[in-house]
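The residues making up each chain are set out below.
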Amino acid sequence: MKKIAVLLSGGVDSSVVVYELARQGLHPDCFYIKIGPEEKEVWDCSSEEDLEMATAVAHRYGCRLEVVDCHREYWDNVTRYTMEKVKAGFTPNPDVMCNRLIKFGAFHEKRGHEYDLIATGHYAQTEIIEGKKWLTTSPDPVKDQTDFLAQIYDWQLEKALFPIGHYMKDEVRAIAEREHLINARRKDSQGICFLGKINYNDYIERYLGDNPGDVIELDTGRRIGSHKGLWFHTIGQRKGLGFGGGPWFVVKKDVESNILYVSHGYDTQSAYKQSFPIHDFHYLTVPSLPERITFKIRHTPEWHEATVEPTGDNSYIIHSKEKIHGVAPGQFCVVYDERHHRCYGSGEITVL
């Protein structure tokens, strides 16, 4: 019988994972990964409540629970990645790197190597197709999390197990309520995996501070205000800009001159891209891409149709069938087959 480790976060999804395995007569070992903020007095963190919930669920199903401290690895790797990217004007995705470097990375080095499979509450599936293990999408397009998993290594995919990936979110909630799980009605976490109730801009300001500069209307060259730092803004952003006469949208960042360019109105053509380059493509199962694909550049229920043009050295140009709003350097473009079923992997969008 294979040894299974469950990454139990205290949320409803990973708790139903434990239930699913227990009802099959399995008693996996559960692990709570500690990756929270450095100073409790500074950040309002929900990790204590998370651990209480995880402890209660593990106890209910007779599973051992162990806390694995990956705090230092998170802050040395994922936080550093995030800060370096935003400082350079890019749009990073810390949750993507958390899966690769922490949940299937640092945890594996500390405890996971002792197990045949590592189970998580991700809304994703795996399938063996023509003898190879593929990451495949969840039937719930809103909750599908294959985009967050598209940077894991092939050996990590081999060990990955997603016991609730075939469910819709409503079904998972219904199971939790039927089984009277302690966290059945607990709200889903929002935003970056470790931040809890922390505001993302406060997190950025803590490490990078302020760096004021001009805000310029791209279409006219008119100065309309100032920003506190380019790293507080992302391409395509509308909310939180605070300028009159809106709506305004962030369309470009000039890091060298510290200028934030905005455009007036959602339909401005400067806010859209139809073709864009990606580099350092990370392949999950096979080291190539088909000509016709679907893709997404952010965590949304929609996939976009496109063709890919190889440019060498694991780099491509994505030619979208439709114009895409908010394409930003640093984002991951996640590539799927034409039916948006099999995930091929992801590459980082290059400076446009």
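Okay, so let's go over this structure. It should be emphasised that the depicted structure is a prediction, and the values quoted were computed from it without experimental measurement.

1. Focus on the environment of C343
Then comes step 1: With respect to the helices and strands, the residue C343 is situated in strand β17 (residues 342-349).
Then comes step 2: The spacing of C343 and I293 is 50 residues in sequence and 9.9 Å in space, taken between C-alpha atoms.

2. Some points on helix α1 (residues 12-22)
Then comes step 1: Counting buried positions over the 11 residues of α1 gives 11, a clear majority of the element.
Then comes step 2: Residues of α1 that are buried include every one of V12, D13, S14, S15, V16, V17, V18, Y19, E20, L21 and A22, and no others.
Then comes step 3: In this structure, the buried residues of α1 make contact with β1 (4-7), β2 (29-34), α2 (47-60), β4 (117-119), β7 (160-161) and α7 (169-178).

3. Looking at the sheet that holds strand β9 (residues 223-227)
Then comes step 1: The strand order β9-β8-β11-β10 describes an open sheet built from 4 strands, whose pairing is mixed. Unpaired on one side and paired on the other, β9 and β10 (248-254) mark the two borders of the sheet. For this sheet the average axis-to-axis angle between neighbouring strands, irrespective of direction, equals 30°.
Then comes step 2: Here 6 bridges tie β10 to strand β11 (residues 259-264), and the two strands are oriented antiparallel to one another. Bridged to K253 within β11 is L260.

4. Looking at the packing of helix α3 (residues 71-87) against helix α8 (residues 200-208)
Two quantities define a packed helix pair, namely the angle between the helix axes and the distance between the axes.
Then comes step 1: One can describe the packing of α3 onto α8 by two numbers: an axis separation of 11 Å at closest approach and a directional angle of 90°. The orientation of α3 relative to α8 falls into the category roughly perpendicular. Residue-level inspection shows W75, T79, T82, M83, V86 and K87 of α3 in contact with α8, the latter providing Y200, Y203, I204, Y207 and L208.
Then comes step 2: Here the residues of the contact of α3 with α8 are counted per class, giving 8 nonpolar, 2 polar and 1 charged.

5. Thoughts on the nonpolar core
Then comes step 1: By size, the foremost hydrophobic cluster in this structure holds 36 residues, and its most contacted members are I102, F107 and L135.
Then comes step 2: For this core, the secondary structure elements donating two or more residues are β1, β2, α3, α4 (94-110), α8 and β16 (332-336).
Then comes step 3: Those residues in contact with L135 that lie beyond four places of it in its chain are A124, Q125, T146, L149, L157, F162, L284, H341, R342 and C343.
Then comes step 4: Counting 28 residues, the second largest nonpolar core, distinct from the first, contains V6, Y19, Y61 and L181.

6. Considerations on the packing of aromatic side chains
Then comes step 1: If you walk through the whole model with that rule in mind, you get 11 aromatic pairs.
Then comes step 2: Ring geometry for F31 against Y115: centres 5.5 Å apart, planes inclined by 80°, an arrangement best described as edge-to-face. With a gap of 84 residues between them, F31 in strand β2 and Y115 in the loop between α4 and β4 connect regions that are remote in the sequence.
Then comes step 3: For Y115, a relative accessible area of 4% translates into the label buried.
Then comes step 4: Ring centres of W303 and Y336 lie 5.8 Å apart, and the angle between their planes is 90°; this geometry places the pair in the edge-to-face category. With a gap of 33 residues between them, W303 in the loop between β13 (292-296) and β14 (304-312) and Y336 in strand β16 connect regions that are remote in the sequence. You'll find W303 and Y336 in the same group, each marked buried.
Then comes step 5: One aromatic cluster is present, formed by F31, F107 and Y115 through successive ring pairs.

7. Examining the environment of L21
Then comes step 1: If you trace the backbone, L21 turns up in helix α1.
Then comes step 2: When the C-alpha atoms of L21 and A119 are compared, they prove to be 9.5 Å apart, with 98 residues separating the residues in sequence.
Then comes step 3: Excluding residues within four positions of it along the chain, L21 makes contact with I4, V6, L26, P28, A119, L161 and P163.

Basis of the calculations
Residues numbered from 1 in each chain as written. Predicted model: local features only at pLDDT ≥ 70, side-chain atom pairs only at ≥ 80, totals over all residues. Heavy atoms only, no water. Helix = DSSP H or I, 4+ residues; strand = E, 2+ residues; numbered from the N terminus. Buried < 20%, exposed > 50% of the residue type's maximum accessible area, 1.4 Å probe, protein only. Contact = heavy atoms within 4.5 Å. Pairing = 2+ DSSP bridges. Axes fitted to C-alpha atoms, helices over the stretch in contact; angles between N-to-C directions. Parallel < 35°, antiparallel > 145°, perpendicular 65-115°, else oblique. Nonpolar A, V, L, I, M, F, W, Y, C, P; charged D, E, K, R; others polar. Core = buried A, V, L, I, M, F, W, Y, C linked by side-chain atoms within 4.5 Å. Phe/Tyr/Trp six-rings, centres within 6.5 Å; stacked < 30°, edge-to-face > 60°.

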